[in-house]
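Structural characterization, general
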Amino acid sequence: MELLYLLISSIVFFFFLLHVIHRNHNRNRKMPPGPTGLPVIGNLLDLGPKPHESLAKLSKKHGPLMTIRLGSITSVVASTPDAAREILQRNDEACSGRIVPDAVTALADHDAAVLWIPANDEWRTIRKALNTYLTHQHKLDTLRDLRQNVVDGMLDFLNESGRKKASVDIGKLTFAVALNQMSNTCVSQNVTNYESDDIGGFKTAVKTLMEVDGKFNIADIFPVLKPLDPQNIRRQAKAAYDWFDKVTEGYITERLKHRESKLPRFGDMLDSLLDYSEANEAEFNFKHIKILLVDLFLAGTETSSNTTEWAMTELLLNPDMFSRVRKEVSTVVGEDGKIQEAKILDLPYLHAVIKETMRLHLSVPLLVPHKTESEVKLGEYIVPRNTQILVNAWAMARDPKYWQNPITFKPERFLENELDYKGQHFEFIPFGSGRRMCPGIPLAQRVVSLMVASLVYHYDWNLPHAREEMDMNDIFGLTLLRATPLVATPMPVIQRE
Ligand code: HEM
């Protein structure tokens, strides 16, 4: 009996001790403060249709590091440059994970997608391939003519539109150009044209995925709903991903046949990736090539075209700036009247216009959400493993503490400082920072610069309405799109030979 009593009291004491340890442990594990949420849905109603704006407002009350809860997902939101530095620089490794949205799981082999896998060895292999075969300075220079040819096609289309006095949807046009530049870089062919809405389904597939991957999905915050797919998001994503899978499979099969035929190589990205996979079969195979092609079309086209459309919007609203860009570009144009990509990259005012566009109209306002891979100390707080991390780059790029008249478009501000978007100045991180930072910066800079320079140098533009009537609203999604497309009529002024 006594023995039993001793046993029971020992067990009770053991659990009491566990409880005390757990309580003390939790007391030290303090999450950042945040708005009180409702039962079950948490802070869902606080977010509204423009989460980047709502979160910026909430952070004024709750602080630079803030916790919000959406259903079963807890997120920590960084809203100041210091908070972003704490996450993306000081705790880069611990905060480098991703939460895979339900829509993305519709992609067969999504666990090989550079955008979504953890920052592990496989991810490093893919990033290395990207760096070597796409965004390395030498490779970019080698593939320059491909990009230039696509822009020549755009100019032919605009000359024809000008002749017919037809207006042009600049966002649609630049999206088609960005798609063709990417497809020529990857597989040496155009995938769309400028006249029709879509050919072969390419534009539709990319647009669908950009839309559904960026849509708020109730199944992401209540995982029990995933099997039901209540908003039909995964089904739509699957149709588009399956379409892509077939198309990329076709590219690879055809290319392998071409390589067997011993005809001259194309020398494009696909050839390089096939060489790379032959040399590194164990780490990088056809599955990786297929998914990487899809990732590039998703990550590297709408971001660039959208930035170009916003830059053109601002320049059409500010004729002095428009003239200044044209004048600057004209100093480096060859005798044939052609703009060479290599010559415009160092133009300070053009570059300032592009930076200012990326500041004021951030393409990816909350970056791509990160996730903690381990428990991590952020400032005075302890954040558990598997917490979603949102970095509100949009809020930082408009913080009056760092920017004078932050909502005014003023490229000159970038002439007066050394601020760059390469991830070191945390008040300006349109491409992110740290290991998950966008690998496409050098390509994006070239693509956007060439498009903006060409559109400004060769044409005057007629808006269908007064400048004051320009709608400057945006819509939140995977990228921050213009709510109303920018439409204008090109009037050719300076012709190429
Ligand atoms: C103006 C154009 C662009 C903008 C504003 C942009 C912005 C971004 C941002 C904010 C991220 C997420 C960073 C993070 O998670 O912290 C990202 C990731 C990425 N971007 Fe870009 N991007 C652009 C163009 C491109 C281009 C041209 C490519 C093609 C190479 C590209 C490929 C990628 C890839 C593959 C990732 C995922 C990286 C990873 O998760 O490891 N982007 N981009």
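Computed from a prediction, not measured in an experiment: that's the story for all the values here. (Residues numbered from 1 in each chain as written. Predicted model: local features only at pLDDT ≥ 70, side-chain atom pairs only at ≥ 80, totals over all residues. Heavy atoms only, no water.)

Time to look at the packing of helix α8 (residues 170-187) against helix α19 (residues 441-458). Running from amino to carboxyl end, α8 crosses α19 at an angle of 135 degrees, the nearest separation of the two axes being 12 Å. If you check the angle between α8 and α19, you find them oblique. Of the two possible hands of crossing, α8 and α19 adopt the one that is right-handed. Along its contact with α8, which presents Ile170, Thr174, Val177, Gln181 and Met182, the element α19 presents Leu443, Val447, Leu450, Met451 and Leu455. (Axes fitted to C-alpha atoms, helices over the stretch in contact; angles between N-to-C directions. Helix = DSSP H or I, 4+ residues; strand = E, 2+ residues; numbered from the N terminus. Parallel < 35°, antiparallel > 145°, perpendicular 65-115°, else oblique. Left-handed = near helix turned anticlockwise from the far one by under 90°. Contact = heavy atoms within 4.5 Å.)

What follows deals with the site of the ligand. Near the ligand lie 27 residues; those nearest to it are Arg98, Trp123, Arg127, His370 and Cys438. At 3.5 Å from an oxygen atom of the ligand is found a main-chain nitrogen or oxygen belonging to Val368. In this structure, an oxygen atom belonging to the ligand sits 2.8 Å away from a side-chain N or O atom of His370. Elements with a minimum of two residues in the shell around the ligand: α5 (121-135), α13 (286-300), α14 (302-317) and α19. A per-class count over the shell around the ligand returns 17 nonpolar, seven polar and three charged. (Near = heavy atom within 4 Å. Polar contact = N/O pair within 3.5 Å; in protein donor to acceptor, adjacent residues only side chain to side chain. Nonpolar A, V, L, I, M, F, W, Y, C, P; charged D, E, K, R; others polar.)

Relative to strand β11 (residues 487-492), strand β3 (residues 168-169) is paired through two bridges, and the arrangement is antiparallel. Among the inter-strand pairings, Val168 is bridged to a residue of β11, identified as Ala488. Here four bridges tie strand β8 (residues 459-462) to β11, and the two strands are oriented antiparallel to one another. Looking at the pairing, Asp460 lines up with Met491 of β11. (Pairing = 2+ DSSP bridges.)

In this structure, the second largest pocket encloses a volume near 370 Å³. Around the second largest pocket sit 17 residues that line it, and Asp169, Gly171, Lys172, Lys207 and Leu481 are the ones nearest its centre. Of all the secondary-structure elements, those providing two or more residues to the lining of the second largest pocket are α8, α9 (202-214), α14 and β10 (481-482). Considering every element that reaches the lining of the second largest pocket, the biggest residue donor is α14, with four residues. Grouping the constituent residues of the lining of the second largest pocket by class yields three nonpolar, five polar and nine charged. (1 Å grid on protein atoms, 1.4 Å probe; cavity = no way out; pocket = protein on both sides within 12 Å on 5 of 7 lines; lining within 4 Å. Points joined across faces, edges and corners; volume = space filled by probe spheres on them.)

Here the focus is helix α17 (residues 348-360). Here α17 spans 18 Å end to end across 13 residues, near enough to the 18 Å set by a 1.5 Å rise per residue. Along α17, twelve of the 13 residues are buried, which leaves the element largely enclosed by surrounding structure. Within the span of α17, buried status applies to Tyr349, Leu350, His351, Ala352, Val353, Ile354, Lys355, Glu356, Thr357, Met358, Arg359 and Leu360. (Expected span 1.5 Å × (residues − 1). Buried < 20%, exposed > 50% of the residue type's maximum accessible area, 1.4 Å probe, protein only.)

This paragraph deals with the coordination of the iron atom of the ligand. Just one protein atom coordinates the iron atom of the ligand, and that atom is Cys438 (SG), at 2.3 Å. Residue position: Cys438 is located in the loop between α18 (393-397) and α19. (Donors = N, O, S within 2.8 Å, 3.2 Å for Na, K, Ca; no water.)

Looking at the protein chain as a whole, its pLDDT mean stands at 92, while 93% of the residues score no less than 70. Taken as a whole, residues 11-28 scores under 50 in pLDDT and shows one contact with residues more than four places along the chain or in a different chain. (pLDDT = per-residue confidence, 0-100.)

Let us look at the UniProt feature "binding site: heme" (unreviewed entry) in the protein chain. As annotated by UniProt and renumbered to match this structure, "binding site: heme" (unreviewed entry) occupies Cys438. Once residues within four sequence positions are removed from consideration, Cys438 is found in contact with Arg127 and Phe431. (UniProt positions renumbered as here; feature names shortened; annotations may be inferred.)

In terms of nonpolar packing, the biggest core is built from 108 residues, with Leu158, Val206, Tyr241, Met269, Leu292 and Trp461 touching the most fellow members. Here this core gets twelve residues from one element, more than from any other, and that element is α19. Not counting the four nearest positions on each side in its chain, Tyr241 is found in contact with Ala103, Val104, Ala106, Leu107, Leu209, Asp213, Val294 and Leu298. Formed by 27 residues, the second largest nonpolar core is a distinct cluster that contains Ala56, Leu88, Ile389 and Met396. (Core = buried A, V, L, I, M, F, W, Y, C linked by side-chain atoms within 4.5 Å.)

Moving on, we get to the packing of aromatic side chains. Applying the stated criterion across every chain, the model contains 14 aromatic pairs. Centroid distance Trp403 to Phe428: 6.2 Å. Interplanar angle 75 degrees. Geometry classified as edge-to-face. A residue pair is termed long-range when its members are at least 10 positions apart, and Trp403 in the loop between α18 and α19 and Phe428 in the loop between α18 and α19 qualify at 25 residues. By relative accessible area, Phe428 is classed as buried at 0%. Through successive ring pairs, a cluster of aromatic residues spans Trp403, Phe414, Tyr421, Phe428 and Phe431. Taking NZ or CZ as reference, Lys207 lies 4.6 Å from the ring centre of Phe175, over its face. (Phe/Tyr/Trp six-rings, centres within 6.5 Å; stacked < 30°, edge-to-face > 60°. Lys NZ or Arg CZ within 6 Å of the ring centre and 35° of its normal.)

Strand order in this open sheet of three strands is β3-β11-β8, and the pairing throughout is antiparallel. Whereas interior strands pair on both sides, the edge strands pair on one side only; in this sheet they are β3 and β8. Lying on the sheet, α19 is in contact with β8 and β11; it crosses β8 at an angle near 80 degrees.

In this section: the sheet that holds strand β7 (residues 388-391). The strand order β1-β2-β7-β4 describes an open sheet built from four strands, whose pairing is mixed. The open sheet has two free edges, formed respectively by β1 (65-70) and β4 (370-371), since each of these has just one partner strand. The sheet contact formed by β1 and strand β2 (residues 73-78) spans six bridges and is antiparallel. Across the sheet, residue Arg69 finds its bridge partner in β2, namely Thr74.

On to unusual backbone geometry, then. We note that Asn386 has phi near 70 degrees; this positive angle belongs to a residue other than glycine. Position of Asn386 among the secondary structure elements: in the loop between β6 (381-383) and β7. Judged by relative accessible area, which is 43%, Asn386 ranks as partly exposed. For Asn405, which is not glycine, the phi dihedral falls at a positive 40 degrees. Among the secondary structure elements, Asn405 is positioned in the loop between α18 and α19. For Asn405, a relative accessible area of 52% gives the class exposed.

Direction vectors running N to C along α8 and α14 enclose 145 degrees, while the axes themselves pass 8 Å from each other. Pair α8 / α14 crosses with right-handed handedness. Each of Ile170, Gly171, Thr174, Phe175 and Ala178 in α8 lies in contact with α14, whose residues at this interface are Glu302, Ser305, Thr308, Glu309 and Met312.

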